[in-house]
Number of protein chains: 2
Amino acid sequence: MEALLRILSIIFLVLTACLVGLDSQTKVLFHFISRKASFKDLNALYVLVWIDTAAAVYNLLQVFRCYKLPDLTKDKPPYYIYLAWGFYLLDQAAVYMVFAAHSAAAQASIFAVTGQKNFQWMKLCDKYTRFCIQIGGALLCGYFACLVMAITSSISAYVLFKRYSPQKFMVLKGN
Amino acid sequence: MEALLRILSIIFLVLTACLVGLDSQTKVLFHFISRKASFKDLNALYVLVWIDTAAAVYNLLQVFRCYKLPDLTKDKPPYYIYLAWGFYLLDQAAVYMVFAAHSAAAQASIFAVTGQKNFQWMKLCDKYTRFCIQIGGALLCGYFACLVMAITSSISAYVLFKRYSPQKFMVLKGN
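Calculation notes
- Residues numbered from 1 in each chain as written.
- Chains lettered and ligands numbered in written order.
- Predicted model: local features only at pLDDT ≥ 70, side-chain atom pairs only at ≥ 80, totals over all residues.
- Heavy atoms only, no water.
- Least-squares fit on C-alpha atoms with pLDDT ≥ 70 in both.
- Contact = heavy atoms within 4.5 Å.
- Buried area = accessible area lost by both parts, 1.4 Å probe.
- Salt bridge = Lys/Arg side-chain N within 4 Å of Asp/Glu carboxyl O.
- Polar contact = N/O pair within 3.5 Å; in protein donor to acceptor, adjacent residues only side chain to side chain.
- Helix = DSSP H or I, 4+ residues; strand = E, 2+ residues; numbered from the N terminus.
- Nonpolar A, V, L, I, M, F, W, Y, C, P; charged D, E, K, R; others polar.
- Axes fitted to C-alpha atoms, helices over the stretch in contact; angles between N-to-C directions.
- Parallel < 35°, antiparallel > 145°, perpendicular 65-115°, else oblique.
- Left-handed = near helix turned anticlockwise from the far one by under 90°.
- Disulfide = S-S within 2.5 Å.
- Buried < 20%, exposed > 50% of the residue type's maximum accessible area, 1.4 Å probe, protein only.

Enquirer: Help me understand the relation of the copies chain B and chain A, please; the structure alone is not making it clear to me.
Expert: Superposition of the two copies of the chain requires a rotation about an axis and a shift along the axis. Aligned on chain A, chain B shows an RMSD of 0.0 Å; the corresponding rotation is 180° and the shift along the axis is 0.0 Å. Expressed as an axis order, the relation between the two copies is that of a two-fold axis. Interface overlap between copies is the fraction of interface residues in one copy that are interface residues in the other; for chain B against chain A it reaches 100%, indicating a shared surface.

Enquirer: Could you clarify how one ought to interpret the interface of chain B and chain A in this entry?
Expert: Frequently, the measure chosen for interface size is the accessible area removed from exposure when the parts meet. Taken together, the 40 residues of chain B in the interface contact 40 residues of chain A. Of the roughly 3,800 Å² buried where chain B meets chain A, counting both sides, 61% is carbon and sulfur surface. At the boundary of chain B and chain A, one finds zero salt bridges. Where chain B packs against chain A, one counts two residue pairs in polar contact (both at pLDDT 80 or more). Considering each element in turn, the side of chain B that touches chain A owes the most residues, eleven residues, to helix 3 (residues 80-114) of chain B. Of the residues in the side of chain B that touches chain A, the class split is 23 nonpolar, eleven polar and six charged.

Enquirer: What should I look at first to understand the environment of Lys 162 of chain B in this one?
Expert: Along the chain, the position of Lys 162 of chain B falls in the segment after helix 4 (129-161). Sequence separation between Lys 162 of chain B and Leu 140 of chain B is 22 residues, and the spatial gap between their C-alpha atoms is 33 Å.

Enquirer: What is the right way to look at the packing of helix 1 (residues 2-21) of chain B against helix 4 of chain B in this model?
Expert: For any two helices packed against each other, one specifies the inter-axial angle together with the distance between the axes. Residue and element names in this part refer to chain B. It is at 8 Å that the axes of helix 1 and helix 4 come closest, and there the two elements cross at 155°. As the angle between them shows, helix 1 and helix 4 are arranged roughly antiparallel. Every pair of crossing elements has a handedness; the one defined by helix 1 and helix 4 is left-handed. Looking at the contact of helix 1 with helix 4 residue by residue, the class counts come to 16 nonpolar, seven polar and two charged.

Enquirer: Would you mind showing me how to read the state of the cysteines here?
Expert: By definition, a disulfide links the sulfur atoms of two cysteines through a covalent bond. Counting across every chain of the model gives two disulfides over all chains. Disulfide partner of Cys 125 of chain B: Cys 132 of chain B, at an S-S distance of 2.0 Å. Across the S-S bond linking Cys 125 of chain B and Cys 132 of chain B, the dihedral sits near -80°, which makes this disulfide left-handed. When its relative accessible area of 11% is taken as the criterion, Cys 125 of chain B is described as buried. Cys 141 of chain A supplies the cysteine sulfur nearest to Cys 18 of chain A, a cysteine that is in no disulfide, at a spacing of 10 Å.

Read these as layout, nothing more, since geometry by itself doesn't imply function.
Here is the structure:
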């Protein structure tokens with residue numbers, strides 16, 4: 001099940017990265033000047049593409065791990081508790097990174113949609129409508145990926161903490 | 001220990017909310033027009049203050065729970081597993097909400113510091129320097145609160161998942 005969730009999150013992360021990365025719209029501003037909007041115009045979107053790619057690669061490595069390394073949910077090699085801690089912390093770091101990147105990109109997109117009048121930041125999405133709708137869809141996709149990754153990190157927490165004794169503080173169970 | 005961590009996160013959340021909420025700087029733009037910068041100018045900061053306050057209240061309720069309700073790390077009332085799941089999910093929701101609010105506010109602040117030339121969004125922090133430095137300090141504080149809340153939610157995960165059997169999938173332990 002863990003591998004399935006990770007594959008699902010890879011699909012959504014790659015979909016988000018592609019939707020953002022391949023989005024572009026050219027607009028003729030005057031009769032002779034045309035301007036092309038792409039994700040490189042906004043730092044937040046640029047960072048988002050790279051972080052989504054990195055998270056997808058990380059999840060791909062974890063999928064391989066699910067098949068190659070002993071199953072931590074059942075087997076108990078001597079080093080299992082360090083592995084379980086490592087995977088738990090890596091999963092947490094990954095989900096927070098992806099979530100932060102998406103929240104920042106969402107905030108930047110809100111500025112692009114609404115503008116900020118008292119700062120004289122003008123809105124841009126009235127000009128590049130199709131571009132902005134695609135970014136919006138990508139962000140929805142990305143938040144779904146975040147949700148799946150949060151569930152995956154809960155599974156890592158389950159795999160790690162079920163090894164501990166319910167009575168004594170931070171003591172491993174015998175059997 | 002859980003109560004101590006929660007009190008620590010309350011302190012930092014309240015500190016963040018106060019630093020952002022009480023921050024203001026008045027600047028004379030021309031000889032007769034003066035303009036006051038406050039957190040209400042930027043939606044992201046306004047939302048941040050309210051979410052930080054809500055998270056602080058939530059953590060305060062949880063601190064009272066630590067003293068009033070039976071200790072879930074040791075006792076086992078019949079309803080304990082539902083409580084443990086509830087607290088785990090609430091903690092997760094709280095930390096992700098606060099983290100999203102901080103990331104959005106950080107992104108908005110980056111725009112205020114650097115501007116975005118190709119969008120003709122001008123930077124503002126060269127005019128309101130003291131205001132911006134205080135917001136920066138508040139965001140640092142807030143990220144520290146996020147870290148403490150993430151640790152707290154790990155403790156909730158530990159309290160919940162250590163009740164489960166290490167062999168069988170999602171089966172509670174006997175003793």
